[in-house]
2 protein chains.
Amino acid sequence: MQPPFHRLVEFVPLSAEEAEMARGWLVDSRRIARGKPIRQEGEPVKGVFFLLDGWAGSSLLLRDGRRQIVKVHLPGDMLGFPSLALSHAGETLEALTDATICSFPNAAIGRMFRELPRLAMALFLSTQKERVALMQKLSWVGATSAMERLTAFLLDLHHRLQAAGLAQAGCFDFPITQQQLGELLGMSTVHINRTFKSLDETGCISRGRGRIEVLDFAGLQRLAASFPPDFAGHDAWARLDNSSRF
Amino acid sequence: MQPPFHRLVEFVPLSAEEAEMARGWLVDSRRIARGKPIRQEGEPVKGVFFLLDGWAGSSLLLRDGRRQIVKVHLPGDMLGFPSLALSHAGETLEALTDATICSFPNAAIGRMFRELPRLAMALFLSTQKERVALMQKLSWVGATSAMERLTAFLLDLHHRLQAAGLAQAGCFDFPITQQQLGELLGMSTVHINRTFKSLDETGCISRGRGRIEVLDFAGLQRLAASFPPDFAGHDAWARLDNSSRF
DNA sequence: CGCTGGGTTGAGGGGGCTCAAAAGTGGTGG
DNA sequence: CCACCACTTTTGAGCCCCCTCAACCCAGCG
């Protein structure tokens, strides 16, 4: 299988040497069972992770045990970058399905910045894009209703799954529980269920045993409150690479 | 006045050459009046900004006009980095008070990655820390009550103001309106007001014409739901710089 | 077949919203 | 110095979205 580099080459086309290097990272991968932690909040930060297969989630814990899932990660995503600036992880990484990851030690990041600036820049831009996505998520949770949140999430998810080649004709696996969905969107399990049911009844989507099919994209988009999120940035490197003076 | 580089040198001590370079960026600064936009959502991304003085906010707009303020920026913060991966800005930057900024064109970023990898790394880590802060904010908005959100925000704000040298003995300027606070924390103006009043009545803080004084830190912390956010990462560069093999 | 995790549904209550208006506050010009 | 204005803060009343608690159902599995 082709390793899922679509997130990495999005901004900077990889040279032969860089591609070689990137493939070298994947040598030792690790399987994680569904529900098992990859790295817990508070553990020392020894590196970051690359999700090769399966879904993962990053989450924060509150004092009283409530939990906020911050992001659902799909194959090709990098996990754990935010904690790179911390000595001990600020987020819990957890496999939402059986998953395959490989690790990427701290020192490799430093070395990349010194020796492969183009690749470092690609990674940098990729994490900035994550930040935009996170900002959008915050705006869903902070300023929209349950139905708007759910539809916005489904549209975004479909978009990302498609980019990873994991959705065909609006149809994709949906392996997370409604409880997890609640923790992700900041609502109770019960209300997730009701909202999901009522969305189902609009005819815009159809649900069935761990899969979802989008039947009416335009309808979904009308239900969501946020703009279509995409000001694509594929020319980012070109804009940043021109050698004008400081 | 010493330029506010505290956010930059947090991870990587600047060499003489780098410090020189950094000072060079500040040559042409621009004043922005309170309430005026620095860059609107959708405008072409020509660079990022460095906030020298005053408060700024970054926000997202929804279709129906609702707005989510994603972050309040203080002197020393970098603005607009998330949009660097996009051709057109995904966030609106706006002066919350009269502010002074200076600009930092795209090409300068590219050049920094090629020629000053240590500085690039410092910036990279700094933006990752922003991401952690954003994740924490999401967890406030998604999983906590109005009172918890407000107190968590005030504690975080005080922490950051202190780092910038803008708070003494728990006392600091607080120049934003309750409407803006509502858009920031995902609640209505009216409910911000009631919550603020009731917080005032606990005796933990005291408010007065654009200033706030924290009277009881322990009490505030008890009211907030999140852990003290800090796994400081000042040794980040050391962890990333050691020259072990890939 | 019983057990367990997840999905579904009902009833009731409360936190936060909307609408509306009054009471500061500061800025501006006469 | 005062009158007026726009903006902000404060307060009240009513209601609704979403939460909690509590069943019940369903499918998969040992």
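Because the structure is predicted, anything quoted here is derived from the model rather than measured.

Calculation notes
- Residues numbered from 1 in each chain as written.
- Chains lettered and ligands numbered in written order.
- Predicted model: local features only at pLDDT ≥ 70, side-chain atom pairs only at ≥ 80, totals over all residues.
- Heavy atoms only, no water.
- Near = heavy atom within 4 Å.
- Polar contact = N/O pair within 3.5 Å; in protein donor to acceptor, adjacent residues only side chain to side chain.
- Helix = DSSP H or I, 4+ residues; strand = E, 2+ residues; numbered from the N terminus.
- Nonpolar A, V, L, I, M, F, W, Y, C, P; charged D, E, K, R; others polar.
- Domains from an automatic or database assignment.
- Contact = heavy atoms within 4.5 Å.
- Buried area = accessible area lost by both parts, 1.4 Å probe.
- Salt bridge = Lys/Arg side-chain N within 4 Å of Asp/Glu carboxyl O.
- Pairing = 2+ DSSP bridges.
- Axes fitted to C-alpha atoms, helices over the stretch in contact; angles between N-to-C directions.

Novice: Just checking my understanding: could you explain the protein's contact with DNA strand C for this structure?
Specialist: Taken together, the neighbourhood of DNA strand C is formed by 17 residues, with Arg34, Gln178, Asn193 and Lys197 of chain A together with Ser188 of chain B sitting nearest. The protein-proximal atoms of DNA strand C, defined as those within 4 Å of the protein, are 69% sugar or phosphate. Contact between DNA strand C and lysine 197 of chain A: a phosphate oxygen at 3.2 Å from a side-chain N or O atom of the residue. Here a phosphate oxygen of DNA strand C and a side-chain polar atom of serine 188 of chain B are 2.9 Å apart. Listing elements by their share of the surface near DNA strand C, those giving two or more residues are helix H6 (189-202) of chain A together with helix H6 (189-202) of chain B. Broken down by element, the surface near DNA strand C gets its largest block of residues, four residues, from H6 of chain A. Class assignment for the residues of the surface near DNA strand C results in four nonpolar, seven polar and six charged.

Novice: Can you walk me through the domain arrangement of chain A in this structure?
Specialist: One widely used convention gives an interface's size as the accessible area the parts lose upon coming together. Residues and elements named next belong to chain A. You can read the domains of chain A as domain 1 (16-138) and domain 2 (145-223). The C-alpha-based centres of domain 1 and domain 2 are spaced at 24 Å. The interface of domain 1 with domain 2 comprises 15 residues on the first partner and 13 residues on the second. The contact between domain 1 and domain 2 buries some 1,300 Å² in all, and 63% of this surface belongs to carbon and sulfur atoms. Counting across the domain 1 and domain 2 interface gives two salt bridges. One salt bridge connects arginine 67 with glutamate 183, and the closest N-O pair in it is separated by 2.7 Å. Here domain 1 and domain 2 share six residue pairs in polar contact (both at pLDDT 80 or more) between them. A per-element tally of the side of domain 1 that touches domain 2 places strand E5 (residues 67-73) first, with seven residues. Tallied by class, the residues present in the side of domain 1 that touches domain 2 amount to seven nonpolar, three polar and five charged.

Novice: Got a minute to help me understand the sheet that holds strand E10 (residues 205-208) of chain A in this structure?
Specialist: The strands making up a sheet associate through hydrogen bonds between their backbones, and the pairing can be parallel or antiparallel. Residues and elements named next belong to chain A. The strand order E9-E11-E10 describes an open sheet built from three strands, whose pairing is antiparallel. In the strand order of this sheet, the two ends are held by strand E9 (171-173) and E10, each with one partner. Pairs of neighbouring strands in the sheet enclose a mean axial angle of 20°, with direction left out of account. The sheet contact formed by E10 and strand E11 (residues 211-214) spans four bridges and is antiparallel. Paired with isoleucine 205 across the bridge in E11 is valine 214. Its contacts with the sheet put helix H4 (residues 146-163) on E9, E10 and E11, and the angle it makes with E9 is roughly 90°.

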